[in-house]
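# Fold and geometry: a report
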Amino acid sequence: MSTSLESPLPSHYRSKQEFLASLPPWRRLLAKLNWHPTIEKKVASYASEQRAKQLRLETEKIKLDTEKIKLDTEKIKIEIEQIRNETEQLRSENERLRREDERLAELDARIAALWPSSNANATPVPPIESSSIP
């Protein structure tokens, strides 16, 4: 079972034309008379087996890729859910801070209403420098 350098197929799986071309002229004539059609079927069978192997490999690769995509999709879904939770927490924190600001603004307004003259007549207190203290 030798293989030719020009063809990836073993010699018994070569086509009729390749086989005849490799023979000397006198042997070519004898081979034409003795050619069996089963050789052509073997060549076709070998080609279909190789194609089936290739398709199996491609199918396995597609299955692996599909599984990887499913895992990546699940990770993304988890991350999206985490982002939604964080967003909701930030919204509630923002709402709490807004209410706190409103409450503080209301307290500032009450303080200003109780001591209206403190803002108008207030004289700024000069800051105490640390170097002037003995």
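Okay, so let's go over this structure. Just so it is clear, the structure is predicted and the values come from calculations on it, not from any experiment.

### Looking at the overall build of the protein chain
What the protein chain contains, in helices and strands, is 4 helices and 0 strands. Its helices and strands in sequence order give the protein chain the pattern α-α-α-α, from N to C terminus. Looking at the protein chain as a whole, 9% of its 134 residues are labelled buried. Sequence separation of at least 24 residues holds for 33% of the intrachain contacts in the protein chain that already meet a minimum separation of 6. Just so you have it, the protein chain exposes about 12,100 Å², and 60% of that area is on carbon and sulfur atoms.

### Quick notes on the environment of Ala44
Tracing the backbone shows Ala44 in helix α3 (residues 38-114). When the C-alpha positions of Ala44 and Ser15 are compared, they lie 9.2 Å apart, and in sequence the two are 29 residues distant.

### Some details on the environment of Val43
Position of Val43 relative to the elements: it lies in helix α3. On the basis of relative accessible area, Val43 is assigned to the buried category, the value being 15%. Counting along the chain gives 28 residues from Val43 to Ser15, while the straight-line C-alpha distance between them is 6.7 Å.

### Regarding the pattern of salt bridges
In this structure the tally under the stated criterion is 12 salt bridges. Ionic pairing is found between Glu93 and Arg96, a salt bridge with its closest N-O pair at 2.7 Å. Taken together, the residues span about one helical turn, with Glu93 and Arg96 both in helix α3 at a distance of 3 residues. With relative accessibility at 39%, the residue Arg96 sits in the partly exposed group. Ionic pairing is found between Arg98 and Glu95, a salt bridge with its closest N-O pair at 2.2 Å. You can see Arg98 and its partner Glu95 sitting in helix α3, 3 residues apart, about one turn around the helix. Classification of Arg98 by relative accessible area gives partly exposed; the value is 37%.

Cut-offs used in this document
- Residues numbered from 1 in each chain as written.
- Predicted model: local features only at pLDDT ≥ 70, side-chain atom pairs only at ≥ 80, totals over all residues.
- Heavy atoms only, no water.
- Helix = DSSP H or I, 4+ residues; strand = E, 2+ residues; numbered from the N terminus.
- Buried < 20%, exposed > 50% of the residue type's maximum accessible area, 1.4 Å probe, protein only.
- Contact = heavy atoms within 4.5 Å.
- Areas by Shrake-Rupley, 256 points an atom, 1.4 Å probe, with all protein chains shown as cover.
- Salt bridge = Lys/Arg side-chain N within 4 Å of Asp/Glu carboxyl O.

In short, shape yes, function no, at least from these values alone.
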